[in-house]
Amino acid sequence: MVTRGGQILAREGSSFRVLTPDGEVTAVLRGRTKRRDEVAVVGDRVALEASADGWAITQVEPRKNLLSRRVPGGRGNRAIAANLDQVFVMVAAKDPDPVPQLLDRLLVLAEANDIPAAVIINKIDLDPGTPLVARMTRAGYQVFPVSVRRNIGLEPLFAGMRRMVSVVTGPSGAGKSSLLNALQPGLVLRTGETSARTGRGRHVTVSAVMIPLAGGGYLVDTPGFSDVGLWGLEPREFVACFPDLSRFAEQCRFPDCWHLTEPGCSLRAAVASGEVQADRYESYRLLLDELQNLPPEWA
Ligand SMILES: Nc1nc2c(ncn2[C@@H]2O[C@H](COP(=O)(O)OP(=O)(O)OP(=O)(O)O)[C@@H](O)[C@H]2O)c(=O)[nH]1
Ligand SMILES: [Mg+2]
Ligand SMILES: [Zn+2]
């Protein structure tokens, strides 16, 4: 029996593109693995077996980590990619205008899964994005202000991506696919103008694709998520997903403090004194409220 190991690059309907040491193959899930949703996701390491009908995935190796989100209005979580070294959350400084709270949400997904995260602010040829760069730097994130179109600021970013397994998430129209095209010579991912009517992206990329990089490493392009639900987080531990807030939360003298209304709370004091940015705290409050009010089948 012919067997191989490989890594899932993309899902295409009910089959998967899998990279093996002997090149790319198409494989389907076999047997028991077929039943549960999302048993195999982009980035998974799998075992393959050849049969008369082609390659079958017979086993999925345990994951180092998994980035997933809750489907808005739907049930259950949706995997984005597995086995990642780092997450880049990318937004445009303009066109479409950035929504800091969506950026915070995407960072929380990474933090909750213990995956290092950084921020890319693209289209600085249209707007320098100074307030957002300052906000995210103050929150403790590494920020890369770039213009993919004008080739500004890309080299330090690309240096940090080589030989690593990275995913780029962010709203539609931020320039994620454009960035990958710039990083990988010869790659032609589809990109699209933002809509003149709504000012939003058009959801050009429809599913996650992992791209092997020349010289080693992989980069996963993802569809732009306009709404990202949080999934499976423990509300009590949620403040740890905001590194800039958790330092103060740890100092809080109330062991079971939600850091919302409790008088004498250290985190609230840090917000009042300006040590913690008010709008990062506001994101914490909004997302915590959302987590505490999840329908029971999602919690
Ligand atoms: N002005 C400007 N436009 C850019 C820049 N980078 C990308 N764009 C444009 O922004 C639009 C959206 O780019 P995409 O790469 O398709 O965006 P995306 O994030 O992949 O979007 P989805 O696949 O829909 O999630 C395209 O028209 C790009 O040409 C930039 O640095 N400056
Ligand atoms: Mg895209
Ligand atoms: Zn507190």
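In case you missed it, the structure is sitting above this.
In short, a report on the structure.

Parameters and conventions
- Per chain, the residues get numbers from 1 upward, laid out in the order the sequence is written.
- In the order they appear in the text, chains get letters beginning with A and ligands get numbers beginning with 1.
- With pLDDT at 70 or above as the cut-off, local features in this predicted model cover only qualifying residues; side-chain atom pairs require 80 or more to be listed or tallied, and sums for whole chains, interfaces and linings still use all residues.
- As a rule here, side-chain values cover all heavy atoms of the structure and leave hydrogens and water aside.
- Strands are runs of DSSP state E lasting at least 2 residues, helices are runs of H or I lasting at least 4, and numbering of each runs from the N terminus.
- Whether two residues touch is decided by their heavy atoms; if any such pair falls within 4.5 Å, the residues are in contact.
- The method works on a 1 Å grid over the protein atoms by themselves. A cavity is a set of points holding a 1.4 Å probe that cannot get out, a pocket is an open set with protein on both sides within 12 Å along at least five of seven lines, and residues with an atom within 4 Å of a point line them.
- Grid points are joined across faces, edges and corners, and a volume is the space filled by probe spheres set on the points.
- In this classification, the charged set is Asp, Glu, Lys and Arg, the nonpolar set is Ala, Val, Leu, Ile, Met, Phe, Trp, Tyr, Cys and Pro, and all remaining amino acids, among them Gly, are polar.
- Axis definition: a line fit to C-alpha positions, over the contact stretch in the case of helices; interaxial angles, taken between N-to-C directions, run 0 to 180 degrees.
- Should the near helix be turned anticlockwise from the far one by less than a right angle, the crossing is left-handed, and should it be turned clockwise, the crossing is right-handed.
- Note that water is not among the atoms considered, so a metal site may appear incomplete; the donors listed are N, O and S atoms within 2.8 Å of the metal, with 3.2 Å applied to Na, K and Ca.
- Each residue is assigned to one of three classes by its accessible area relative to the maximum for its type, calculated with a 1.4 Å probe on protein chains only: buried under 20%, partly exposed between the two thresholds, exposed over 50%.
- To obtain the arc, one takes the directions from the helix axis to the C-beta atoms.

Topologically, R202 is positioned in the loop between α4 (176-183) and β12 (209-212). Considered as a pair, R202 and C241 are 39 residues apart in the sequence and their alpha carbons are 30 Å apart. Among all residues touching R202, those that are not within four sequence positions of it are S172, E193, T194, S195 and A196.

The computed volume of the largest pocket comes to approximately 500 Å³. The wall of the largest pocket is formed by 28 residues, among which K123, G173, G175, S178 and G192 lie closest to the centre. Taken together, the residues that form the lining of the largest pocket break down as 5 nonpolar, 15 polar and 8 charged.

Let us look at the side chain of R135. You can see R135 is positioned in helix α2 (residues 130-138). When residues no more than four places from it in sequence are discounted, the contact partners of R135 are P100, D104, Q277, D279, R280 and S283.

This part takes up the packing of helix α1 (residues 100-112) against helix α7 (residues 278-292). Relative placement of two packed helices is described by the angle separating their axes and the distance separating the axes. Where α1 meets α7, the closest approach of the two axes is 10 Å, and the angle between their N-to-C directions is 65°. Like other packed secondary-structure pairs, α1 and α7 cross with a definite hand, here right-handed. Judged by residue contacts, P100, Q101, D104, R105, L107 and V108 of α1 engage D279, R280, S283, L286, L287 and E290 from α7. Grouping the amino acids of the contact of α1 with α7 by side-chain chemistry returns 5 nonpolar, 2 polar and 5 charged.

Within the protein, S177 (OG) and T205 (OG1) serve as the donor atoms for the magnesium ion (ligand 2), at 1.9 to 2.2 Å. Placement of the pair is S177 in helix α4 and T205 in the loop between α4 and β12, with a sequence separation of 28 residues. Assigned by exposure class, S177 and T205 land together as buried.

So, on to α2. Listing the buried residues of α2 in full gives L132, V133, R135 and M136. Viewed along the axis of α2, the buried residues span an arc of 165°, placing them on a single side of the element. Each element contacted by the buried residues of α2 is listed here: β8 (86-92), α1, β9 (117-122), β10 (143-145) and α7. Looking one or two places after α2, you find G140, whose phi comes out positive at around 100°.

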